[in-house]
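The primary structure of each chain is shown beneath.
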Amino acid sequence: MTANSLFEPIQVGALKLRNRLVMAPLTRARAGVERIPNALMVEYYRQRASAGLIITEATHVSEQGIGWVQTPGIHTDAQVQGWTKVTEAVHREGGKIFLQLWHTGRASHPDFQVGGALPVSASAIAANGDAHTPLGKKPYVTPRALEIDEIPGVVQTYADATRRAQAAGFDGVEIHAANGYLIDQFIRDGSNRRTDAYGGSIPNRLRFLQEVTEAVISAWSADRVGVRLSPTNPFNDMADSDPVATFSAAAELLNGYGLAYLHILEALPGHMLAGEGEAVAPYLRKIFRGPFMVNGGYDRETGAAAIAQGDADLIAYGVPFIANPDLPERFRRNAPLNPPDPATFYAHGPEGYTDYPALAKVQSVAA
C-alpha cells in the first residue's frame, strides 16, 4: 500500500506543512535537574525536523506544574534561551515546531512542589498509582482542590508561557488538555467533583479549558494554537461517565476559536493506552471543523488509510519517531524501522535518544 496521503501538504492554522506526519509530544527526561533545554535536546529535535510538525515534549508552565523528573519548563528566561536554540536548529532544517504547555495537577507530588506543598487539582481526589519523584517512586497524594479565586492565576501561567514560547521562536503552542493532567482533571467527572462554576455540568467542567484556551489565544493568535484531548485514555487513573457527550461538547466549544488543529489521543485497539467502550474520535471528527489530528498506535499503513478515508487530516507518531529520526523518509520508501528501546525512553543521556541511526547510515552499514 502506498503512503501518498501522508505526504500531501496541508495548511494548519498559520503554517503550511510539507507532510502530515506529526512528531507527537514525548516526555524524554533529558533536561537535567536545571530543567533547561540543552545541547542534547537541540540535537534530538534537529534530527527529527523532517516531520511535518514537531510537538515538543510536555513543558511545564510554572513551578507548580512540575510533576516529572528532568522535564523542561518555559517559565524562566534561561528556559526560553534554551528553547531558542532548539527552535533555531529545527528551523535551519526546514522544520516546524510547537511547544506543548503542561501543568500536571494531581499527577505531581510534594517532592516536586515548593516547600513540599500539596499538588493542586480540580478536586481533592488522589489518583491511584505512583509518582516518579527525585527521591524515587512514591504513591500519589491527595491533592488540594484549587480555590475558585486561584484559578485565574493558574490560567495566567498558560498565557505567560505562550508569550515565552513566542519569544523562543516556536511556530505555535499546543494546550495539553489530555492524559490525566490538570486541564483533563477538570474535564472528566472521575476527577472533578466540584459543586461550583467549574464542576457538575459538562459546560462547567469545560470552563477551565475554555478559559485557558482564550488566554493562550489572546497571548498569541488562534491560528498558532492547538489543543490535545484524550477522551478514553485511562492513564493517570482517569475516567469519565459519558466521554462521547463530554468530549463532543469540548469539540463544539473549540470550534468557535479557529484553532490550528484539534489533536485527539485515542489509541487503537490493542495499544497500551487503549480505553474501554465506544471510540469517541469519530464523533469529534464530524464536529470539529478545523484540521483533525489523531494519535495512538498508528503505523505507516493505518496512518495513510486514516487520512485517505477522511478519518483524520494528520497523524501523530510517538514511539516510531523515538527510534527513527528520519521516519518520514522511511515511510516514503517503505524502509525497515529501527526497533525502539523502552529501557532508555526516560534515561538521562544520549543513549536511546540521539544515537538511533538514520536511514542513509543504516543502508551504508548494510552495504
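Note that the coordinates shown come from a computational prediction; the quantities given were computed from them, not determined experimentally.

A. Just the overall build of the chain, in detail. Along the chain, the regular secondary structure elements total twelve helices and 14 strands. Overall size of the chain, expressed as C-alpha extent along the three principal axes, is 65 × 45 × 35 Å. Sequence separation of 24 or more characterises 72% of the internal contacts of the chain that already satisfy a separation of 6 or more. Working note: accessible area of the chain is about 14,000 Å², and carbon and sulfur atoms make up 53% of it. Charge separation in the chain, taken as the distance between the mean sites of 32 positive and 38 negative side-chain charges, equals 5 Å.

B. A look at the pattern of salt bridges. Under the defined criterion, the tally for this structure stands at 15 salt bridges. Linking glutamate 329 and arginine 332 is a salt bridge whose minimum nitrogen-to-oxygen distance equals 3.6 Å. Note that glutamate 329 and arginine 332 are positioned in helix H11 (residues 327–333) at a spacing of three residues, about one turn of the helix. Exposure remark for arginine 332: the relative accessible area of 49% places this residue in the partly exposed category.

C. Summary view of the sheet that holds strand E12 (residues 261–265). As summarised here, the arrangement of the eight strands in space is E3-E4-E5-E10-E11-E12-E13-E14, forming a closed barrel in which the pairing is parallel. Across this sheet, the average inter-strand angle for adjacent strands is 25°, counted without regard to direction. Lying on the sheet, helix H6 (residues 207–219) is in contact with strand E5 (97–102), strand E10 (172–176) and strand E11 (225–229); it crosses E11 at an angle near 160°.

D. Spotlight on the packing of helix H3 (residues 151–167) against H6. It is at 8 Å that the axes of H3 and H6 come closest, and there the two elements cross at 35°. The way H3 lies across H6 gives a crossing that is right-handed. In contact with Ile151, Val154, Val155, Tyr158, Ala159, Thr162, Arg163 and Gln166 of H3, H6 contributes Phe208, Glu211, Val212, Ala215, Val216 and Ala219. Residue composition of the contact of H3 with H6, grouped by class: ten nonpolar, two polar and two charged.

E. Spotlight on the side chain of glutamate 266. Assignment of secondary structure puts glutamate 266 in the loop between E12 and helix H8 (281–287). The buried charged residue glutamate 266 lacks any salt bridge, with arginine 188 as its nearest oppositely charged partner at 8.7 Å. At 2.9 Å, the side chain of glutamate 266 forms a polar contact with the backbone nitrogen of valine 280. Apart from residues lying up to four places away in sequence, glutamate 266 is in contact with Pro231, Thr232, Glu278, Ala279, Val280, Ala281, Pro282, Asn295 and Gly296.

Rules behind the numbers
Residues numbered from 1 in each chain as written. Predicted model: local features only at pLDDT ≥ 70, side-chain atom pairs only at ≥ 80, totals over all residues. Heavy atoms only, no water. Helix = DSSP H or I, 4+ residues; strand = E, 2+ residues; numbered from the N terminus. Contact = heavy atoms within 4.5 Å. Areas by Shrake-Rupley, 256 points an atom, 1.4 Å probe, with all protein chains shown as cover. Lys, Arg positive; Asp, Glu negative; His and termini not counted. Charge placed at Lys NZ, Arg CZ, Asp CG, Glu CD. Salt bridge = Lys/Arg side-chain N within 4 Å of Asp/Glu carboxyl O. Buried < 20%, exposed > 50% of the residue type's maximum accessible area, 1.4 Å probe, protein only. Pairing = 2+ DSSP bridges. Axes fitted to C-alpha atoms, helices over the stretch in contact; angles between N-to-C directions. Left-handed = near helix turned anticlockwise from the far one by under 90°. Nonpolar A, V, L, I, M, F, W, Y, C, P; charged D, E, K, R; others polar. Polar contact = N/O pair within 3.5 Å; in protein donor to acceptor, adjacent residues only side chain to side chain.

Everything listed here is a matter of coordinates, which is why it stays silent on function.
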